[in-house]
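# Close look at the chain arrangement
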Amino acid sequence: MTPTEHSLNSRRGAHISWANTADPSARTKPGRDAFLARFERQVDPNNELPEAERVRRAEHLRKAHMQELAAKSAQKRRQNSAAGKRGRVA
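Notes on the structure in this doc start here. (Residues numbered from 1 in each chain as written. Predicted model: local features only at pLDDT ≥ 70, side-chain atom pairs only at ≥ 80, totals over all residues. Heavy atoms only, no water.)

### What to know about unusual backbone geometry
For Asn-47, which is not glycine, the phi torsion reads 55° and is therefore positive. Given a relative accessible area of 54%, Asn-47 falls into the exposed group. (Buried < 20%, exposed > 50% of the residue type's maximum accessible area, 1.4 Å probe, protein only.)

Here is the structure:
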């Protein structure tokens, strides 16, 4: 199987899997929870803060992380534009 065929087959399988998922939000909840827990561990590695304060700080750290990703994405788009490259269409 070529890489292209493998990719197409994998995408097909993913679409079938999501089509058979009754509650997509419940399916992705463990991943979301783990993602947010990462920021809580960063702001309070010894679990010493009150929960509300830990969550507040973690939310700000998550937002900062997302801003960093947005800045990197914008920078890459500018570089690609200057080089005459177009974005990849999925």
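### Thoughts on the packing of aromatic side chains
Taken as a whole, this structure holds one aromatic pair when the rule is applied. Relative to Phe-39, the ring of Phe-35 lies with its centre 5.1 Å away and its plane at 90°, an arrangement referred to as edge-to-face. With a gap of four residues between them, Phe-35 and Phe-39 both fall in helix α2 (residues 24–43), about one helical turn apart. Judged by its relative accessible area of 27%, Phe-35 is partly exposed. Using a relative accessible area of 1% as the deciding quantity, one classes Phe-39 as buried. One Lys or Arg, Arg-27, reaches over the ring of Trp-18 and ends 3.8 Å from the middle of that ring. (Phe/Tyr/Trp six-rings, centres within 6.5 Å; stacked < 30°, edge-to-face > 60°. Helix = DSSP H or I, 4+ residues; strand = E, 2+ residues; numbered from the N terminus. Lys NZ or Arg CZ within 6 Å of the ring centre and 35° of its normal.)

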